[in-house]
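Here is how the chains run, residue by residue.
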Amino acid sequence: MNALTTDWTARSFDVPLGFLGSGSYLAQIYEDAKDAATEPTHVTIRSRTVTASQTLHIQLAPGGGCAIRFIPAKKR
């Protein structure tokens, strides 16, 4: 699991996923909800399939954070 936190400045940035091995991964993303600046306990959880050639865009609320869990995708 990778975790990111910020100070009291909202920010956004991209996370290159080149550190992942070959194949596909399920990224479970726990991030600040859109209203987290005023409701800091609100969290959004989303999942998407990613590979090492992709980049994730992360938006952090003031005082917020994000955690991402990468799970190798099952081959069919």
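Residues numbered from 1 in each chain as written. Predicted model: local features only at pLDDT ≥ 70, side-chain atom pairs only at ≥ 80, totals over all residues. Heavy atoms only, no water.

How would you summarise the pattern of salt bridges if you had to cite specific residues and measurements?
Counted by the stated rule, this structure contains 2 salt bridges. Arginine 11 is the salt-bridge partner of aspartate 7, the closest N and O atoms lying 2.5 Å from each other. Judged by relative accessible area, which is 34%, arginine 11 ranks as partly exposed. With its nearest N and O atoms 2.5 Å apart, the salt bridge here joins arginine 46 to glutamate 31. With arginine 46 in strand 4 (residues 43–51) and glutamate 31 in strand 3 (residues 24–32), the pair connects residues that are 15 residues apart, well separated along the chain. Residue arginine 46 is classed as partly exposed on the basis of its relative accessible area of 27%. The class for glutamate 31 is buried, based on a relative accessible area of 11%. (Salt bridge = Lys/Arg side-chain N within 4 Å of Asp/Glu carboxyl O. Buried < 20%, exposed > 50% of the residue type's maximum accessible area, 1.4 Å probe, protein only. Helix = DSSP H or I, 4+ residues; strand = E, 2+ residues; numbered from the N terminus.)

Pulling in residues and values, what's your account of the side chain of glutamate 31?
Looking at glutamate 31, its side chain comes within polar contact range of the side chain of arginine 46, at 2.5 Å. When near neighbours in sequence (up to four residues on either side) are disregarded, glutamate 31 contacts Val43, Thr44, Arg46, Gly65 and Cys66. (Polar contact = N/O pair within 3.5 Å; in protein donor to acceptor, adjacent residues only side chain to side chain. Contact = heavy atoms within 4.5 Å.)

Outline the nonpolar core, listing residues and values.
By size, the foremost hydrophobic cluster in this structure holds 13 residues, and its most contacted members are Leu17, Val50, Leu56, Ile58, Ile68 and Phe70. Taken together, the elements giving at least two residues each to this core come down to strand 3, strand 5 (55–60) and strand 6 (65–72). (Core = buried A, V, L, I, M, F, W, Y, C linked by side-chain atoms within 4.5 Å.)

Explain the packing of aromatic side chains residue by residue, including any values.
Evaluation of the coordinates by the stated rule reveals 1 aromatic pair. A centroid spacing of 5.6 Å and a plane angle of 80 degrees characterise the contact between phenylalanine 19 and phenylalanine 70, whose relative ring orientation is edge-to-face. Placement of phenylalanine 19 in the loop between strand 2 (11–16) and strand 3 and of phenylalanine 70 in strand 6 is noted, with a sequence separation of 51 residues between them. Taking the relative accessible area as the measure of exposure, phenylalanine 19 reaches 48% and is therefore partly exposed. What makes phenylalanine 70 buried here is its relative accessible area of 19%. (Phe/Tyr/Trp six-rings, centres within 6.5 Å; stacked < 30°, edge-to-face > 60°.)

Read these as spatial facts, not as claims about activity.
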